Every structure is written in C-alpha cells, then in structure tokens.
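One-letter residues, chain by chain:
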Amino acid sequence: MNGHYAIAIDGPSGAGKSSLARRVAARFGFLYVDTGAIYRTVGLAAYRRGIDRRDAAAIEALLPELDIQMAYNAQGEQRMLLNGEDVSEAIRLPEISICASDVSALPEVRAFLLEMQRKMAREHDVIMDGRDIGTVVLPQAELKIFLTASAEARAERRMKELAAKGVKTDFEAVLRDIRYRDEQDSARAAAPLRQAEDAVLVDTTALDFAQSEERLCALVREKLGVEEKA
Ligand code: DC
C-alpha cells in the first residue's frame, strides 16, 4: 500500500455499485471514485461528434482532443468535465451507456484512462467502482468486492433510478441494454469484467439496499480494520 487504503468494487451494470460505494465512502470517510463516469465521458464525446460507436480508428483519433477532468464539488459529489464543460448529467442518458460500453472495449481508451484512476488512489483513501478495478487498475487493493445481482433485479432497479430522474423507458428496453452491456463488458478482450481471485462475492438479488450496505460495511471493518467516522 502507498499510505492510502483502496477498496475495489467491480460488477455488472445496475448491481448497485455506485449507490452502495457512495454510502460506504461517506460512512468511513473515503473518497468515492466512479470510473464508469470516465468511460461515459469518452462515450459522450464520440456520440456528440457523430462517430460510429464501432469505428475504433476514429475514436482513437479523438482521444488527444479530450481533456477529461474529475472534480469534486462542495457536497463531495464527483463531477465530470469534458474540455471544461460539466457533463455529469449528460453522461447518464441510456444511449450514452451503450456508447460507454462500446468505447470501453478499446484498449487505447482503457490505456488513456488508466493513469487518471491510479492517481486518485495514490492521493486518497478510495472506494473505486468499475469493471476491472480489482483485476487491472488497483490489483493491490486491500479489499476487493465483486457485486452482482440477477439481470432482472438490476433492470428493475435501473428503471426506478431513471424514473426518479424523469426518464421514461420500458422494462424490456432496460433489460435488453443490461444484457447487451453484460455480454460486451464480459466478452471483450481488453480488461473484461471478471471477479478477481481474491475478491469477495456479494450477490444482492435477495438483499435490499440497507442489507447490502451493512454487508459491505462489515467487510470494510473486517478487512481494513478501520472504524466508521463519527
Ligand atoms: O458503471 P457504468 O455503467 O457507469 O459504466 C459504463 C460503461 O463503462 C460500462 O458498460 C463498462 C465501462 N466501464 C469499464 O469498462 N471499466 C470500468 N472500470 C468502468 C466502466
């Protein structure tokens, strides 16, 4: 370790990684780093330029033009800046989820974003979530969690999340998107989604949010030997 603790949470989309990691981070005073947001920012840039999602050469050519910054506001929320513009809301649209999954399959995109993620972990106690945090980005993390749930349970949760933001969509469409991303994120050659050998598997299909949160907090206490902030 480098003087800071690192917790890696990997798993498929919609397993509750970000909401849970945010809660656990707040309870233990860690910084929550959402790495999916960085891939989404690249996906948004490609989408806005009208680049074919599968045109690897065009996406690679775009990278040098992208200034991607992660910033934290006064409430401690992570914001994503793309060439100076706050795109934190724009990257959440369902069509950008698909673009993010597509661009994240490219090794050049992953290499472009790797150092930015590692730098956060060198400078802070982090809980970082993504697909390859325990396997590639932070293989030395003190605690690795592989968080999963059935595709149907994840689609239901994603529907509720989108509805709360006023985005209307139907269950079948959300389930289709989730399955598409599961397949693509797991089947790709570059840093595919997989459970690290030393990761603890947490399946939240039958757990509610509070139960999942308690399970993760218990793991943090047990593995890191740290206590919650008062
Ligand atoms: O976690 P998310 O749904 O916001 O991530 C969006 C996409 O980015 C996801 O389909 C896969 C990709 N991703 C990745 O490849 N590696 C990460 N560490 C995080 C996300």
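Cut-offs applied
- Residues numbered from 1 in each chain as written.
- Predicted model: local features only at pLDDT ≥ 70, side-chain atom pairs only at ≥ 80, totals over all residues.
- Heavy atoms only, no water.
- Helix = DSSP H or I, 4+ residues; strand = E, 2+ residues; numbered from the N terminus.
- Rg over C-alpha atoms; globule rule 2.2 N^0.38 Å.
- Buried < 20%, exposed > 50% of the residue type's maximum accessible area, 1.4 Å probe, protein only.
- Contact = heavy atoms within 4.5 Å.
- Lys, Arg positive; Asp, Glu negative; His and termini not counted.
- Charge placed at Lys NZ, Arg CZ, Asp CG, Glu CD.
- Expected span 1.5 Å × (residues − 1).
- Bend = angle between axes of the 7 residues up to and from the residue.
- Core = buried A, V, L, I, M, F, W, Y, C linked by side-chain atoms within 4.5 Å.
- Pairing = 2+ DSSP bridges.
- Axes fitted to C-alpha atoms, helices over the stretch in contact; angles between N-to-C directions.
- Phe/Tyr/Trp six-rings, centres within 6.5 Å; stacked < 30°, edge-to-face > 60°.
- Near = heavy atom within 4 Å.
- Polar contact = N/O pair within 3.5 Å; in protein donor to acceptor, adjacent residues only side chain to side chain.
- Areas by Shrake-Rupley, 256 points an atom, 1.4 Å probe, with all protein chains shown as cover.
- Parallel < 35°, antiparallel > 145°, perpendicular 65-115°, else oblique.
- Left-handed = near helix turned anticlockwise from the far one by under 90°.
- Nonpolar A, V, L, I, M, F, W, Y, C, P; charged D, E, K, R; others polar.

A. Representation of the overall build of the protein within the structure. Across its full length, the protein carries nine helices and eight strands. In summary, the protein has a C-alpha radius of gyration of 17 Å against a globular reference of 17 Å for 230 residues, a match within 12%. For the C-alpha atoms alone, the extent of the protein along its principal axes is close to 50 × 40 × 35 Å. Out of the 230 residues belonging to the protein, those deemed buried represent 50%. Long-range pairs, those at least 24 residues apart, make up 74% of the contacts in the protein with a sequence separation of at least 6. Separation of charge centres in the protein, based on 32 positive and 38 negative side chains, amounts to 2 Å.

B. How the structure looks around helix α5 (residues 107-123). Between the first and last C-alpha of α5 there are 25 Å, a value that for 17 residues agrees with the 24 Å anticipated at 1.5 Å per step. The principal kink in α5, of about 30°, is found at Leu113.

C. Layout of the nonpolar core. Ranked by internal contacts, the top residues of the largest apolar core, which has 36 residues, are Ile68, Val109, Met128 and Leu138. By residue number, the principal contributor to this core is helix α2 (residues 36-48), which donates seven residues. Not counting the four nearest positions on each side in its chain, Val109 is found in contact with Tyr39, Val42, Ile59, Leu63 and Val103. Residues Ile7, Leu219, Val220 and Leu224 belong to the second largest nonpolar core, which totals 22 residues.

D. Spotlight on the sheet that holds strand β8 (residues 200-203). Taking strand neighbours across the sheet as the criterion, the five strands line up as β2-β6-β1-β7-β8 in an open arrangement whose pairing is parallel. The open sheet has two edge strands with one neighbour each: β2 (31-34) and β8. Mean inter-strand twist for the sheet, computed between neighbouring axes without regard to direction, equals 20°. Where β2 meets strand β6 (residues 126-130), four bridges bridge the pair, whose relative direction is parallel. Looking at β6, one finds that Tyr32 is bridged to Ile127. Contacts from helix α1 (residues 17-28) reach β1 (6-10), β2, β6 and β7 (143-148) within the one sheet, and its direction differs from that of β6 by about 180°. Across the sheet, helix α9 (residues 209-224) lies against β1, β7 and β8, angled at about 160° from β7, the strand it touches most.

E. Molecular detail of the pairing of strand β3 (residues 68-72). Relative to strand β4 (residues 78-82), β3 runs antiparallel, the two being bridged by five bridges. When the bridges of β4 are listed, Ile68 appears paired with Leu82.

F. A look at the packing of aromatic side chains. One pass over the full model with this rule turns up one aromatic pair. Relative to Phe30, the ring of Tyr5 lies with its centre 6.0 Å away and its plane at 10°, an arrangement referred to as stacked. Of this pair, Tyr5 sits in the segment before β1 while Phe30 sits in the loop between α1 and β2, and the two are 25 residues apart along the sequence. Assessed through its relative accessible area of 10%, Phe30 is described here as buried.

G. Quick peek at the site of the ligand. Near the ligand, the surroundings consist of 15 residues, among which Arg40, Arg110, Arg181, Asp185 and Arg188 are the closest. Ser104 is positioned such that a nitrogen or oxygen atom in its side chain is 3.3 Å from an oxygen atom of the ligand. One of the side-chain nitrogen or oxygen atoms of Arg181 is found 2.8 Å away from an oxygen atom of the ligand. In isolation the ligand has 450 Å² of accessible area, and contact with the protein removes 96% of it. Only α2, α4 (94-104) and α8 (171-187) provide two or more residues apiece to the shell around the ligand.

H. Main features of the packing of α2 against α5. Packing of α2 against α5 brings their axes to within 11 Å, and their N-to-C directions diverge by 140°. The pairing of α2 with α5 is recorded here as oblique in orientation. Here the hand of the crossing between α2 and α5 comes out right-handed. Residues Ile38, Tyr39 and Val42 of α2 touch α5, and the partners they reach there are Val109, Arg110, Leu113, Met116 and Gln117. A class-by-class count of the residues in the contact of α2 with α5 yields six nonpolar, one polar and one charged.

I. Looking closely at the side chain of Arg158. Of note, Arg158 is situated in helix α7 (residues 151-164). Arg158 sits in the buried class, given a relative accessible area of 18%. Apart from residues lying up to four places away in sequence, Arg158 is in contact with Gly14, Arg40, Val174, Ile178 and Arg181.

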